[in-house]
Amino acid sequence: MATKPPAGDPVQDAPQVAPPKHAAAGLPAIGYTALVAQQQMGAVRATRTLLKVNQKDGFDCPGCAWPEGDKRHVAEFCENGAKAVAEEATLRRVTPDFFAAHPLSDLADRSGYWLGQQGRITQPMYLPEGADRYEAVTWERAFEILAEELKALDSPDEALFYTSGRTSNEAAFLLQLFAREFGTNNLPDCSNMCHESSGSALTETIGIGKGSVSLEDLHQADLIIVAGQNPGTNHPRMLSALEEAKRAGAKIISVNPLPEAGMERFKNPQTAKGLALGGQKLNDLFLQIRIGGDQALFRLLNKLIVETEGAVDELFVREHTHGYEEFAAAARAADWDETLAATGLTRAEIEQALSMALASRRTIVCWAMGLTQHKHAVATIREVVNFLLLRGNIGRTGAGVCPVRGHSNVQGDRTMGIFERPAPAFLDALEKEFGFAPPRHHGYDVVRSIEALRDGKAKVFFAMGGNFVGATPDTEVTEAAMRRASLTVHVSTKLNRSHAVTGRRALILPTLGRTDKDVQKSGKQFVTVEDSMGLVHSSRGNLKPASPHLLSEPAIVARLARATLGAGSTVEWEEFEKDYATIRDRIARVVPGFEDFNARVAKPGGFRLPHAPRDERRFPTATGKANFTAAPVEYPTVPEGRLLLQTLRSHDQYNTTIYGLDDRYRGIKGGRRVVLVNPEDGRELGFADGSYADLVSEWKDGVERRAPGFRVVYYPTTRGCAAAYYPETNVLVPLDSTADTSNTPASKSVIVRLEQSATV
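Now for a look at the structure at hand. (Residues numbered from 1 in each chain as written. Predicted model: local features only at pLDDT ≥ 70, side-chain atom pairs only at ≥ 80, totals over all residues. Heavy atoms only, no water.)

Let us look at the overall build of the chain. Across its full length, the chain holds 32 helices and 33 strands. What you see for the chain is a C-alpha radius of gyration of 25 Å, in line with the 27 Å of a compact globule of 760 residues. Going through the 760 residues of the chain one by one, you find that 65% of them count as buried. A separation threshold of at least 6 residues defines the contact pool for the chain, and within that pool the share at least 24 residues apart is 79%. In the structure as shown, the chain presents an accessible area of about 25,800 Å², 51% of it carried by carbon and sulfur atoms. (Helix = DSSP H or I, 4+ residues; strand = E, 2+ residues; numbered from the N terminus. Rg over C-alpha atoms; globule rule 2.2 N^0.38 Å. Buried < 20%, exposed > 50% of the residue type's maximum accessible area, 1.4 Å probe, protein only. Contact = heavy atoms within 4.5 Å. Areas by Shrake-Rupley, 256 points an atom, 1.4 Å probe, with all protein chains shown as cover.)

Proteins that are soluble and globular tend to have nonpolar side chains buried together. L150, F161, F173, F178, F462 and W573 are the most contacted members of the largest nonpolar core, which has 61 residues in total. The biggest single contributor to this core is helix α8 (residues 169-182), with eight residues. Ignoring any residue separated from it by four or fewer positions in sequence, one finds F178 in contact with L150, F161, V557, L560, A561, T564, L565 and W573. The next biggest cluster of nonpolar side chains, apart from the first, holds 50 residues, and it includes L223, V255, L297 and A334. (Core = buried A, V, L, I, M, F, W, Y, C linked by side-chain atoms within 4.5 Å.)

The subject of this paragraph is the packing of helix α18 (residues 336-343) against helix α19 (residues 347-359). Where α18 contacts α19, the two axes come as close as 10 Å, and the packing angle between them is 100°. Classified by the angle between their axes, α18 and α19 sit roughly perpendicular to one another. Judged by residue contacts, W336, T339, L340 and T343 of α18 engage R347, I350 and E351 from α19. Taken together, the residues that form the contact of α18 with α19 break down as three nonpolar, two polar and two charged. (Axes fitted to C-alpha atoms, helices over the stretch in contact; angles between N-to-C directions. Parallel < 35°, antiparallel > 145°, perpendicular 65-115°, else oblique. Nonpolar A, V, L, I, M, F, W, Y, C, P; charged D, E, K, R; others polar.)

Our next topic: the packing of aromatic side chains. Applying the stated criterion to the full structure yields 20 aromatic pairs. Between F161 and F182 the ring centres are 6.3 Å apart and the planes differ by 85°, which places this aromatic pair in the edge-to-face class. With F161 in strand β7 (residues 159-163) and F182 in helix α8, this residue pair connects regions lying 21 residues apart in the sequence. Each member of the pair, F161 as well as F182, carries the same accessibility label: buried. Judged by centre distance (5.3 Å) and plane angle (75°), the rings of F298 and F387 are edge-to-face. Of this pair, F298 sits in helix α15 (residues 294-306) while F387 sits in helix α21 (residues 377-390), and the two are 89 residues apart along the sequence. F387 shares its class with F298; the two are buried. Aromatic ring contacts, followed pair by pair, group F98, F99, W114 and Y134 into a single cluster. Just above the ring of Y654 sits the side chain of R649; from NZ or CZ to the centre is 4.5 Å. (Phe/Tyr/Trp six-rings, centres within 6.5 Å; stacked < 30°, edge-to-face > 60°. Lys NZ or Arg CZ within 6 Å of the ring centre and 35° of its normal.)

Time to look at the sheet that holds strand β16 (residues 460-464). With mixed pairing, the six strands of this open sheet are ordered in space as β6-β5-β18-β17-β16-β7. Two strands bound the open sheet, and with one partner strand each, they are β6 (135-136) and β7. For β7 and β16, the ladder comprises five bridges, and the chain directions are parallel. Residue L160 lies in a different strand from β16, and its bridge partner there is F461. (Pairing = 2+ DSSP bridges.)

Strand order across the open sheet formed by five strands is β12-β9-β8-β14-β15, with parallel pairing between neighbours. A strand with exactly one partner marks an edge of an open sheet, and here the two such strands are β12 (285-287) and β15 (400-403). For this sheet, the mean angle separating the axes of adjacent strands, direction not counted, is 15°. Alignment of strand β9 (residues 251-255) against β12, held across three bridges, turns out to be parallel. Note that in β12 the partner of I253 across the bridge is L285. Here helix α12 (residues 238-247) sits on the sheet in contact with β8 (223-227), β9 and β14 (363-367), set at roughly 150° to β8.

Once that is clear, we can look at a nonpolar patch on the surface. Taken together, L27, I30 and L275 make up a surface patch of nonpolar side chains, about 250 Å² in accessible area. Of note, I30 is situated in helix α1 (residues 27-41). Residue I30 is classed as partly exposed on the basis of its relative accessible area of 38%. (Patch = residues over 30% accessible without salt bridge, like charges linked within 9 Å, V, L, I, M, F, W, Y side chains within 5 Å. Salt bridge = Lys/Arg side-chain N within 4 Å of Asp/Glu carboxyl O.)

It is worth spelling out the pattern of salt bridges at this point. All chains considered together, the criterion is met by 59 salt bridges. For K210, the salt bridge goes to E530, with nearest N and O atoms at 2.8 Å. Here K210, found in the loop between α9 (196-205) and α10 (215-220), pairs with E530, found in strand β21 (residues 527-530); they are 320 residues apart in sequence, far enough to count as distant. Classification of E530 as buried rests on a relative accessible area of 0%. Here E755 makes a salt bridge to R753, at a shortest N to O gap of 2.7 Å. Linked by salt bridges that have partners in common, R642, D694, E698, E704, R706, R753 and E755 make up one network.

This part covers the pairing of strand β22 (residues 535-539). Buried residues dominate β22, accounting for five of its five residues. In this structure, β21 lies alongside β22, joined through four bridges in antiparallel fashion. Counted as the bridge partner of E530 is V536 from β22. With antiparallel pairing between neighbouring strands as the criterion, β21 and β22 make up a hairpin whose turn holds four residues, including G534 at a positive phi of roughly 80°.

Here we come to the environment of R711. Mapped onto the secondary structure, R711 falls in strand β31 (residues 705-714). Here the alpha-carbon distance between R711 and A82, two residues 629 residues apart in the chain, equals 29 Å. In this structure, R711 is in contact with P15, Q16, V17, R673, V674, V675, G690, S691 and Y692, ignoring residues within four places of it in sequence. Looking at R711, its side chain comes within polar contact range of the main-chain oxygen of P15, at 2.8 Å. (Polar contact = N/O pair within 3.5 Å; in protein donor to acceptor, adjacent residues only side chain to side chain.)

So, about the packing of α15 against α19. Two elements in contact, α15 and α19, have axes separated by 10 Å at closest approach and are oriented at 60°. In terms of their interaxial angle, α15 and α19 are classed as oblique. The handedness of the crossing between α15 and α19 comes out as right-handed. Residues L297, L300, L301, L304 and I305 of α15 form the contact with α19, whose participating residues are I350, A353, L354 and L358. (Left-handed = near helix turned anticlockwise from the far one by under 90°.)

With that out of the way, let us pick up the pairing of strand β29 (residues 674-677). In β29, alternate side chains face the same way, and those of V674 and L676 on one face and V675 and V677 on the other are all buried. Bridge analysis of β29 against β31 gives four bridges, and the strand direction is parallel. Residue pairing in the sheet places V674 in a bridge with R711 of β31. Note that β29 and strand β32 (residues 721-725) share three bridges and pair antiparallel. Paired with V677 across the strands is A722, a residue of β32.

Given below as structure tokens:
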């Protein structure tokens, strides 16, 4: 299988390459932010909009989920946040005339970048069966079509309701409520593809599948380990928190196969030091690890801590943990030679990391996709928890686990019940509150949803935001599966690849964005979100909507429910659309921690959700304590002549949204089809710097998955490892290559070979 390079971006055929940078942000970030804002919004609109981003009386950035402190900067956003806001608040419009001029075959040949640059969608659009063009349709007709398809299913489980992390708490609660009243738990979401491994590991070990630290904890830590995460590109506002921690005396270790400019030096664009005095050096130690070697690293560190007299917090271990002896026996068996082979690190580097860990009383470990998207991802995160438990670093100020989420409300969506395997207690609360019996059997996650579409077990696909086709693995399998659906529906603000890969019929339902004013029958509304550290706060748009034909996400779900369930529903859907406060009243009675929701969220800055391990050192696990674990150590092994590829973002993108064709910190300009290869590997494999290769993944099913036409870029990555951008390389990730337990696609450990390219 091969995915050809897209049309519409001829510069992608010849990207320019310069040496990577060694510092992030600074004046270039300010300049680029101003340029993008001006191009998309104009100067006056840009100023009025950006000054409301992440403010207590403003709207939550549609980008990442990094939290804000109590005191806010006037410009409380990063460069990538400004790009996200600019694309949503853009003056560009996608009207019915656009769809008349661009048949589906044309849209399917365009790149994600080109599609996203066209602007906001202004009206509901419908693709009839057999047609090659979307046509305008009324909202009433759109809901009729969707209700007809849902009612015609043989089982509610033939419907899939996908949610992206941008969805508000109110909309997410309504969507899961509708799906369960309809009769299914098929609620796949973007968490299935990112931090599902974190949730699985943390639920088992500490009893709550969320991080245990606050922003203030980061500022008070002695040691912060940033593993498998690129903050400068993916969570730039985190760099400010790391800068403050450094000023307070913290040490920082980064663990990554690639050197990252943001972790080398941060030039804070909001301070004189950042702009004129060279910024703040962040890394105290950079461990340039082999892809997938993190479990082996933490296991050896744990062995060394166990064997160091006085290093283990014996009182904490005795009073608050379970399974220590079995874990300690496994840790003592860790082997130096095997660890060095698995990690690619030196003995001196690991001993230095150990010394820093032993010198720290308050340690935080942060991580992202570099840990979660491997076959052994859950076991790796369990080992991180072991590392923290050994020295009592959970439930202590300045210490804990910190999985850094991507989408701005991906954590809130899960809290609201967007989960294919809901807890019985949650379903009990729904039944008590709404008077219907929700289904109890488990539904499909993302990977199983694709399989269900492929196998004809699912027929209607409904997506609340996101770019499902662009985000998921095994691109050709996924696209073929989507085309088997009877109806695909996308609630969207802008175009993306998913609108061009449709079922027999398709709908695009345009919705309000975070930046838009939301006025319903009871007056102006606000929604709420939960950030990466469990703070819940309001979000209020300030712009006139892009079109009078847009509906809010809560309104779309409420009208869909009324059209589908009719008078037989036990839920007051019409009231929910009129006034979102009524939704929050019901959330308060269903979801623990949201009691008196409306009053608490009305306070500037919102409120923090309870977290028993952090707040009380109480661990709601099956054992009633924090659980040590002792999984066998795993790491990828790669045949000779092959490389281990990780997919990753460029600096000019957020998830599958491509803002531009540059990756400023890595020295890439004007293109995305590049593969970063260690120079020694490139020479051994016979590929010169600047030559072109096809990337071909190898998997046990023997299927050839090919991504053609990538420029080879010599880059200081770990030997035997390579990196390339997604979604262009999602075609290489086998659908069946997933993490144990969490079923997350293993996008960070793809075995590939390089072949001379015939396409360039």
